[in-house]
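Understanding the architecture of this molecule
Each chain, letter by letter, is given below.
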Amino acid sequence: MSYTFKERWLLQAGVPEEKIKTKWLQAVARSHRYPPLHRRVYPILLWFTEWLGPLFIVFRFSKAGNLSEKTFDLYLNRLREHRISYIQIMSVFVLAPLKEAIIEKEPPQAWEHPLHDLKKEKDPEAHSDVIIIGSGAGGAPAALELSRNGLSVTIIEKGEILESGTAARILEKYYVGQALTLSYNGGMLLVLAGNTVGGTTSINSGTCLRPRKECLELWDRQLGTHFADGELDTYLDKVESQVGVCVPDRSLLSKSSILFEKGLEKLNRPGAYVLPRYAPGCNGSGRCCFGCPTGAKQSTDYSYLPQAVKAGARLLINTEAVKIDERKDKVLVKIKGADGEQTLTCKTLIISGGAMFTPGLLKRNRLGSRLSQVGKNLKIHPANKVFAWFPDHFHGEGGIPQGSGYHPPELPLVTLEGIHTPKSITAPIFSVSGKAFNWWLERNDYLSSFGLMIRDRGKGSLFELNGFPCIGYKLHPQDAKDIIAGDILIAKTFFAAGAKNKMGRDMRPILFIIQINAPILPARPTPVACVCAVLLCGRSAQSSPQGQLKTWCVHFPSMLCQTFSSLPTPRMPVRWYGLHPMPA
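Residues numbered from 1 in each chain as written. Predicted model: local features only at pLDDT ≥ 70, side-chain atom pairs only at ≥ 80, totals over all residues. Heavy atoms only, no water.

Here the structure, examined in full by the defined rule, presents 20 salt bridges. As a salt-bridge pair, glutamate 240 and arginine 210 come within 2.9 Å of each other at their nearest N and O atoms. Of this pair, glutamate 240 sits in helix H9 (residues 233-243) while arginine 210 sits in the loop between helix H7 (167-174) and helix H8 (213-223), and the two are 30 residues apart along the sequence. Taking relative accessible area as the criterion, glutamate 240 reaches 22% and is therefore assigned partly exposed. Since its relative accessible area comes to 33%, arginine 210 is described here as partly exposed. Between arginine 269 and glutamate 410 there is a salt bridge, and its shortest N-O distance comes to 2.7 Å. Pair noted here: arginine 269 is in the loop between helix H10 (255-266) and strand S3 (273-274) and glutamate 410 is in the loop between strand S9 (404-406) and strand S10 (414-418), with a separation of 141 residues, a long-range link. Through salt bridges that share partners, Arg30, Arg33, Glu100, Arg169 and Glu172 make up one connected network. (Salt bridge = Lys/Arg side-chain N within 4 Å of Asp/Glu carboxyl O. Helix = DSSP H or I, 4+ residues; strand = E, 2+ residues; numbered from the N terminus. Buried < 20%, exposed > 50% of the residue type's maximum accessible area, 1.4 Å probe, protein only.)

Packing of helix H1 (residues 5-12) against helix H5 (residues 85-102) brings their axes to within 11 Å, and their N-to-C directions diverge by 45 degrees. Relative to H5, the element H1 is oriented oblique. Considering how the two elements wind past one another, H1 and H5 form a crossing that is right-handed. Within the contact between the two elements, H1 uses Phe5, Lys6, Trp9 and Leu10 and H5 uses Val94, Leu95, Leu98, Lys99 and Ile102. Here the contact of H1 with H5 is built from residues that sort into 7 nonpolar, no polar and 2 charged. (Axes fitted to C-alpha atoms, helices over the stretch in contact; angles between N-to-C directions. Parallel < 35°, antiparallel > 145°, perpendicular 65-115°, else oblique. Left-handed = near helix turned anticlockwise from the far one by under 90°. Contact = heavy atoms within 4.5 Å. Nonpolar A, V, L, I, M, F, W, Y, C, P; charged D, E, K, R; others polar.)

Relative to the elements of secondary structure, serine 202 occurs in the loop between H7 and H8. Reaching out from serine 202, the side chain makes a polar contact with the side chain of aspartate 301 at a distance of 3.2 Å. Discounting chain neighbours no more than four positions away, the residues touching serine 202 are Leu162, Thr196, Val197, Cys288, Lys297, Ser299 and Asp301. (Polar contact = N/O pair within 3.5 Å; in protein donor to acceptor, adjacent residues only side chain to side chain.)

Phi at glutamine 178 is positive, roughly 55 degrees, even though this residue is not glycine. When you line up the elements, glutamine 178 lands in the loop between H7 and H8. The buried category is assigned to glutamine 178, whose relative accessible area is 15%. A positive phi is found at asparagine 318, a non-glycine position, where the angle reads about 55 degrees. For asparagine 318, the location among the structural elements is in the loop between strand S4 (314-316) and strand S5 (320-326). Classification of asparagine 318 as partly exposed rests on a relative accessible area of 36%.

Summarising the element assignment, arginine 366 is placed in the loop between helix H13 (354-364) and strand S8 (383-389). Sequence separation between arginine 366 and isoleucine 324 is 42 residues; the distance between their C-alpha atoms is 8.9 Å.

Scanning the entire structure with this criterion turns up 8 aromatic pairs. Ring centres of phenylalanine 260 and phenylalanine 494 lie 5.6 Å apart, and the angle between their planes is 75 degrees; this geometry places the pair in the edge-to-face category. Here the residue phenylalanine 260 occupies a position in helix H10, and phenylalanine 494 occupies one in helix H16 (residues 477-496), the gap between them amounting to 234 residues. Here the two residues phenylalanine 260 and phenylalanine 494 agree in accessibility, since each one is buried. Here the aromatic rings of phenylalanine 390 and phenylalanine 494 are separated by 5.7 Å at their centres, their planes lie at 70 degrees, and the arrangement is edge-to-face. One end of the pair, phenylalanine 390, is in the loop between S8 and S9; the other, phenylalanine 494, is in helix H16, and 104 residues separate them in sequence. The two residues phenylalanine 390 and phenylalanine 494 agree in class, both being buried. These aromatic residues form a ring-pair network of at least three members: Phe260, Phe390, Phe450 and Phe494. Cation over ring: arginine 8 sits above phenylalanine 72, and NZ or CZ is 4.9 Å from the ring centre. (Phe/Tyr/Trp six-rings, centres within 6.5 Å; stacked < 30°, edge-to-face > 60°. Lys NZ or Arg CZ within 6 Å of the ring centre and 35° of its normal.)

These figures capture arrangement, not role.
As structure tokens, then:
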């Protein structure tokens, strides 16, 4: 019987034959909802995967759906491990809607949003004292303060109010570019941001940290401020009070965090702490990044905007600022919403569209005197996560996903933090296929994870292409080394906590997870490639100072095995690196 590539993959993933057509149609429907550019490219990549891929990848003159079981499995793995990074990206992109289709889950019960009961202006007044573009961490507090002081304020928000939905649906509807905001130079970089009322505060983990002293000192040197001397403290106190920052009870931590802290204790590493959060009534539902189902997380759409609207501010949702004209005595803002275009005027304009949209607004409208610097110096704090298999510990999706943290003293720019994502998010981006994919999917609820992020030394850039943010970023070599060191530390900690490391001979220990701000493909000529995920399923692990740890770490630019003790040169970007006992 002849199959298409999609049908064959679904069969291999364990979907019953009578349900193949239903799942295939679900995947097709999902690909049709991609952003315009991705939607146009998808059928081309799928055609290549079906017809040309087998010839060039496994040297078979056959369409992919008709390959033998063994050859089809080989074909999938070679796609994901190909030396050409764009073929790897293609495989991720082509399989994503298929993997999403096989993970079905009912959305949580709908919750009542406080903004639903408040009037949202459809026909705003033509003139305001202040217009604010953006309703996130910058725009919403400004709207509340100005409204309380008697000024007329209009808030322009491109997104919608976040409603209940599955994790995959939340990504699709409320993240910038459907969580497909990728870099354009030297590979692929994913940066996640919110495109909803409340901005990224609505879809982040709820962690709320004060700036570290060394950061304040750096800003003081650059800006001539006195932040490190306490100049910001009054404002920080006020914000923390408004959003209800508190340290949650340890009983709400996820099992990942509990196991990680157990490993730190066994390694005699004190200093783990519970992360402060702006969720005073949190019950550990585990959906911080996909819409808090209880309303406990005090993102700006809960903590600031309702009060701003009650104080007189006008909130325009599903409305985009398309043109800004700065005059001598006023500012003209042309907006586009469901009812068409309209021009508003104001005395003062505040642009708070976040790092993804503010540079485009400034450049498109030629605002400011330093346009040549707009979109440069982008900082993203690259992040990744490490997975460990604990077959005796059912994890599930409960508990605070990002609940605990640790600062390794030997890595001053690295912070380790808990991170756990639901099955419907992790499964679509497993970097394994065939039997290995099924093996990990079945054990997903027994995987614990912990992550890290780094205060990056490198810088990136951002520009708009047809209204879509495009990012350029090259991972700094020293950042890559620190990330590898952080991965080793997390791996050793999980093994100390009892992570298991036995698996079937045919189950390849490869896992790839895209995490917030994770550099997936660094620029080609980097001395060390950044690892995006580590799967703790090697052989044995010891906690000696030499780092005698056997496991596998996964990355993407090319397919070269490399021991940690022999880092690649700029001519040899890493595909995998194996952590073997380092020589004495």
